[in-house]
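As a plain string of letters, each chain reads:
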Amino acid sequence: MIDARVLLVTGGSRGIGAAVCRKAASQGWQVMINYVSNEAAARALADEINAGGGVAKIIQGDTGTEEGIAAIFAAVDQAFGRLDGLVNNAGVVDLKARLDTFSRERLERMFNINVIGAIRCAAESVKRMSTAHGGRGGVIVNVSSVAALLGGPNFYIDYAASKGAIDSMTVGLSKEVAAEGIRVNAVRPGIIDTDIHASGGTPDRARETARDIPIQRPGSADEVADAVTYLLSSQASYITGAILNVSGGR
Ligand code: NAP
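Residues numbered from 1 in each chain as written. Predicted model: local features only at pLDDT ≥ 70, side-chain atom pairs only at ≥ 80, totals over all residues. Heavy atoms only, no water.

Draft legend 1. Spotlight on the pairing of strand E3 (residues 55–60). Strand direction decides the pairing type here: strand E2 (residues 30–35) and E3, joined by 6 bridges, are parallel. Each bridged residue has a counterpart across the sheet, and for Tyr35 the counterpart in E3 is Gln60. Viewed along the sheet, the connection from E2 through helix H2 (residues 39–51) into E3 turns out right-handed. (Pairing = 2+ DSSP bridges. Helix = DSSP H or I, 4+ residues; strand = E, 2+ residues; numbered from the N terminus. Right-handed = clockwise from strand over helix to strand, strands pointing away.)

Draft legend 2. Representation of helix H1 (residues 15–26). A rise of 1.5 Å per residue sets the reference length of H1, with its 12 residues, at 16 Å; its end C-alpha atoms lie 17 Å apart and thus fit the reference within 8%. The buried fraction of H1 amounts to 9 of the 12 residues, a majority that puts the element mostly inside the structure. Buried residues of H1: Ile16, Gly17, Ala18, Ala19, Val20, Cys21, Lys23, Ala24 and Ala25, and no others. In this structure, the buried side of H1 is in contact with strand E1 (6–9), E2, H2, strand E4 (85–88), strand E6 (182–189) and helix H9 (221–232). One or two steps after H1, the chain reaches Gly28, where phi turns positive at roughly 100°. (Expected span 1.5 Å × (residues − 1). Buried < 20%, exposed > 50% of the residue type's maximum accessible area, 1.4 Å probe, protein only. Contact = heavy atoms within 4.5 Å.)

Draft legend 3. The pattern of salt bridges, seen in detail. Applying the stated criterion across every chain, the model contains 19 salt bridges. Across the pair Arg82 and Asp84 runs a salt bridge, and its minimum N-O distance is 2.9 Å. Relative accessible area serves as the criterion here: at 13%, Arg82 is assigned to the buried category. Relative accessible area serves as the criterion here: at 5%, Asp84 is assigned to the buried category. The structure contains a network of salt bridges with shared partners spanning Glu66, Asp77, Arg120, Glu124, Lys127 and Arg128. (Salt bridge = Lys/Arg side-chain N within 4 Å of Asp/Glu carboxyl O.)

Draft legend 4. Quick peek at the site of the ligand. Within the structure, the ligand sits among 32 residues, and Ser13, Ser37, Asn89, Tyr159 and Thr194 are positioned closest to it. Note that an oxygen atom of the ligand is positioned 2.8 Å from one of the backbone N or O atoms of Ile192. Burial of the ligand by the protein amounts to 95% of the accessible area it has alone, namely 910 Å². Judged by the proximity of its atoms to the pocket grid, the ligand belongs to the largest pocket. Only H1, E2, helix H6 (157–177) and helix H7 (196–199) provide two or more residues apiece to the shell around the ligand. Each residue belonging to the shell around the ligand can be placed in one class, and the counts come to 12 nonpolar, 16 polar and 4 charged. (Near = heavy atom within 4 Å. Polar contact = N/O pair within 3.5 Å; in protein donor to acceptor, adjacent residues only side chain to side chain. Areas by Shrake-Rupley, 256 points an atom, 1.4 Å probe, with all protein chains shown as cover. 1 Å grid on protein atoms, 1.4 Å probe; cavity = no way out; pocket = protein on both sides within 12 Å on 5 of 7 lines; lining within 4 Å. Sits in = over half its atoms within 2 Å of the grid points. Nonpolar A, V, L, I, M, F, W, Y, C, P; charged D, E, K, R; others polar.)

Draft legend 5. Quick peek at the environment of Asn34. Assignment of secondary structure puts Asn34 in strand E2. Residues within four places of Asn34 in sequence aside, it is in contact with Leu8, Val9, Thr10, Gly11, Gly12, Ser13, Ile59, Gln60, Gly61, Thr63 and Ile72. A polar atom in the side chain of Asn34 sits 3.2 Å from the backbone oxygen of Ile59.

Draft legend 6. Looking closely at the sheet that holds E1. On the basis of which strands lie adjacent, the open sheet formed by 7 strands has the order E3-E2-E1-E4-E5-E6-E7 and parallel pairing. Each of the sheet's edge strands pairs with one partner strand only, and the pair in question is E3 and strand E7 (243–246). This sheet shows a mean twist of 20° between the axes of neighbouring strands, independent of strand direction. Pairing of E1 with E4, which is carried by 3 bridges, proceeds in the parallel orientation. Bridged to Leu8 within E4 is Leu86. Each of E1, E4, strand E5 (138–143), E6 and E7 touches H9; the most contacted strand, E6, lies at about 165° to it. (Axes fitted to C-alpha atoms, helices over the stretch in contact; angles between N-to-C directions.)

Draft legend 7. Up close: the packing of helix H3 (residues 66–80) against helix H4 (residues 104–129). Relative to each other, H3 and H4 sit at 30°, their axes nearing to 11 Å. One element, H3, and the other, H4, form an angle in the roughly parallel class. Taken as a pair, H3 and H4 cross one another with a handedness that is right-handed. On the side of H3, the interface is formed by Glu66, Ile69, Phe73 and Asp77, while H4 contributes Gly117, Arg120, Cys121, Glu124, Ser125 and Arg128. (Parallel < 35°, antiparallel > 145°, perpendicular 65-115°, else oblique. Left-handed = near helix turned anticlockwise from the far one by under 90°.)

Listed below in structure tokens is the structure:
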């Protein structure tokens, strides 16, 4: 087994998560790629990383469920026997709608995945990384959204609120585990050109909103991955509790 640090990326099969997996692997991390349904995308990414001399494995698991989270962390333990980093990236949007139409089912799905799943994955990671639990320290990067600051009016306030929770969790957890060798930071992407917009019923959102973004274009998954891998790296060794906007000024 290679003695290299191990990174778990939830929702690593596509979009921002996949870009993080590629970049982290090229920087020497062994990567566990989590996906929920698109096994082909996860497998193709792992094959690409392994063919390029990196180390990547895949694990199916829904971060919105306890069974899914248990399966993901059991796979990390079995495959690598260590965990040094978590990118809490799995997240969903829903259809564009006003708050006065949100159903309880919609809110439960959104908060199960975006908030409870992220907190539970952070908890399982802290259990493995904290020096207070016999670990050797580590690093967590949460993927929030600039929606947490903008509020998502007339689009998805529930999504914005779920990312506001991620911001609060980032700040609180960073203070809780700083003396235990774990740094916790977040990024707030703006409009990034990925499949997530199609899953929210607005496939052209990235292009259509370009003129409203100060930099006048959507961002790429790669540009977010650059910020995430910086926060993962030793170059960010004195940074914890920070939330970095990667939003073209939005
Ligand atoms: P994406 O292209 O839709 O990809 C989503 C990824 O998450 C896929 O790998 C998907 O797996 C996985 N996933 C979804 N639900 C999951 C679940 N319950 N359990 C495990 N994995 C799950 O999304 P993205 O745009 O890269 O977004 C990634 C993160 O960035 C999200 O947290 C999102 O809120 C945040 N973000 C995105 C933007 C943007 O404009 N794109 C802006 C701000 C923040 P499968 O491949 O198996 O479906």
